[in-house]
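Inside the fold
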Amino acid sequence: MFYKIKTIILALAAFAGFTSSFAMSSPQSTGIVIQDPWVRSAPSNAPALGAFMKIHNNSNQNVKLISAYAEGYKDVQLHRTIDDGGMMRMVEQEFIPVTAKGKVHLKPGSWHVMLIKPEKVPAKGEVVLITLKFDNGSSQAVKFKVRKGKKMMMHHH
Amino acid sequence: MLKKVLILASVFVVILVVFVNTGNDYKSLAKQLKASHVVYNPDKELPAFSLVDHNNNKFDNQQLEGDWTLLLFIYTHCPDVCPTELANVSMLKANLVNSKAEVVPNVVAITFDPLRDTPELLKDYVAHFDKDFLGVSGDKAQIDKLVDAFGAYYEVVIEKDGKTVVQKSSVELPETAVEDGYFINHTAWIYLLSPDGQIFAGFPTPHNIFDMSSDINLIVENY
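Throughout what follows, the structure given in this document is the object of discussion. Since we're looking at a predicted model, the values are computed, not measured.

Secondary structure summary: chain B contains six helices and eleven strands in total. Classification of the 223 residues of chain B by burial places 39% in the buried group. Once local pairs closer than 6 in sequence are excluded, the contacts in chain B between residues at least 24 apart make up 70%.

Laid out in structure tokens, this is it:
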């Protein structure tokens, strides 16, 4: 009997642990899910780094990513690279919109989070913790893995 | 009226010159290229220039002679476009090496931003992408002359009284620019120079390294 209760308690604990860790990576309350967050590995003296991800908005409301914060950087900005007839323009954004039930892909040459003046450039394999703040009042701290390029390209190396 | 005729006549001459120059020699080659444009023009040689490479050696026209060269303009404060370009060129080079291409061009990255990009800084920066890439900096006027000759273009984005201001590359930067930080909007072509040190072809964005590889092989074959 005692053994049974112990098993149940353990199972419950495990389940609670599972659900809470699940909730952390994809908050059910806001419906905003971050997929494949990564920072592009850069030279050790790089003055600026790009961070990328897919933002899924599973809610019925349009949301905006309004800011990003990471410790150890002078500034973190939202940007979009625009190819304007061959002229690559870097345009700072007040926000990045994600439509209801939609998604936005932050990737090189497009929307991105810019990490400016790192105290120390993170090495490949390290993790950068970036807190994303949305206009629905929610925010989430996301672990961005430092890697060389898009996932697909990893196989070429 | 006469002015109009003159303008039309000069336009016609320009078209004819372009047609004859690229037409006679490389017209059929140009048609086969997937990712590049032949920009070779024997009447328009690269102007004489003198810059400094990342080992503090002189870098002028002579360094572009003897081998094929891939040349691009970058700046190290560039968070997105330039790292993408440099990563692409490093993959392009690896692809040429792995496919045992006849020619693997040297790679030269010239900064748009000599004010912040010293040779020392460029050295560490470009080596991240490939240890054989050569970073080049130097006098702004010399760089601007080259940017012009390549048909490249850049402008500077600064913050002024809380507003974003875009100013031409020729306009002097405010004294606080380095401290405040600035970005550069720029064209992002990658250029292929022939062993006589002249611009032969240009690769506009986006850069597909496999198409670029086959174009380089084709150009080298037909040169």
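Still more to cover.
A word on the nonpolar core. By size, the foremost hydrophobic cluster in this structure holds 89 residues, and its most contacted members are A51 and I130 of chain A together with L72, I74, A109 and Y191 of chain B. If one sorts the elements of this core by residue count, helix 2 (residues 81-98) of chain B sits on top with eight residues. Other than its neighbours up to four places away in sequence, Y191 of chain B contacts L71, L72, F150, I199 and G202 of chain B.

Moving on, we get to unusual backbone geometry. Residue and element names in this part refer to chain B. Residue T205 is joined to P206 through a cis peptide bond whose omega torsion reads -10 degrees. For P206, the position within the fold is in the loop between strand 11 (199-203) and helix 6 (209-222). The residue K100 is not glycine, and still its phi comes out positive at about 55 degrees. Relative to the assigned elements, K100 resides in the loop between helix 2 and strand 5 (106-111). For K100, a count of 7 C-beta atoms within 10 Å translates into the label exposed. For D161, which is not glycine, the phi dihedral falls at a positive 50 degrees. The exposure class of D161 is exposed, given the 5 C-beta atoms found within 10 Å.

Residues and elements named next belong to chain B. Pairing is mixed across the open sheet formed by eight strands, whose spatial order is 1-11-10-4-5-6-2-3. The open sheet terminates on both sides in strands that have one partner only, identified here as strand 1 (37-38) and strand 3 (58-60). Each of strand 2 (50-53), strand 4 (69-74) and strand 5 touches helix 4 (residues 140-149); the most contacted strand, strand 2, lies at about 105 degrees to it.

All names here are of chain B. Here helix 2 crosses helix 6 at 55 degrees, and the two axes come no closer than 9 Å. As the angle between them shows, helix 2 and helix 6 are arranged oblique. Helix 2 and helix 6 meet at a crossing whose hand is right-handed. For the pair helix 2 and helix 6, the contacting residues are N88, M91, L92, N95 and L96 in the first and I209, F210, M212, S213 and I216 in the second. Counted by class, the contact of helix 2 with helix 6 contains seven nonpolar, three polar and no charged residues.

What counts, and where the lines are drawn
- Residue positions are counted from 1 within each chain, in the order its sequence is given.
- Here every chain gets a letter starting at A, and every ligand a number starting at 1, in the order they are written.
- Totals for whole chains, interfaces and linings use every residue, but because this is a predicted model, local features are given only for residues with pLDDT of at least 70 and side-chain atom pairs only at 80 or more, for both listing and counting.
- Secondary structure elements follow DSSP: runs of H or I of four or more residues count as helices, runs of E of two or more count as strands, with numbering from the N terminus.
- Working definition of burial: number of other C-beta atoms within 10 Å of the residue's own, with buried at 20 or more, exposed at 12 or fewer, and partly exposed in between, all C-beta atoms being placed from the backbone.
- Here contacts are defined at the residue level, using C-beta atoms placed from the backbone and a cut-off of 7 Å between them.
- Nonpolar cores are built from buried Ala, Val, Leu, Ile, Met, Phe, Trp, Tyr and Cys residues. These are joined into a set through C-beta atoms within 7 Å.
- When DSSP locates at least two bridges between a pair of strands, those strands are taken to pair.
- Axes here refer to lines fitted to C-alpha atoms; in helices the fit is confined to the stretch in contact. Angles between the N-to-C directions go from 0 to 180 degrees.
- Here roughly perpendicular refers to angles of 65 to 115 degrees, roughly parallel to angles under 35, roughly antiparallel to angles over 145, and oblique to all remaining angles.
- Should the near helix be turned anticlockwise from the far one by less than a right angle, the crossing is termed left-handed; should it be turned clockwise, right-handed.
- Three classes are used: nonpolar for Ala, Val, Leu, Ile, Met, Phe, Trp, Tyr, Cys and Pro, charged for Asp, Glu, Lys and Arg, and polar for all others, with Gly counted as polar.

Read these as spatial facts, not as claims about activity.
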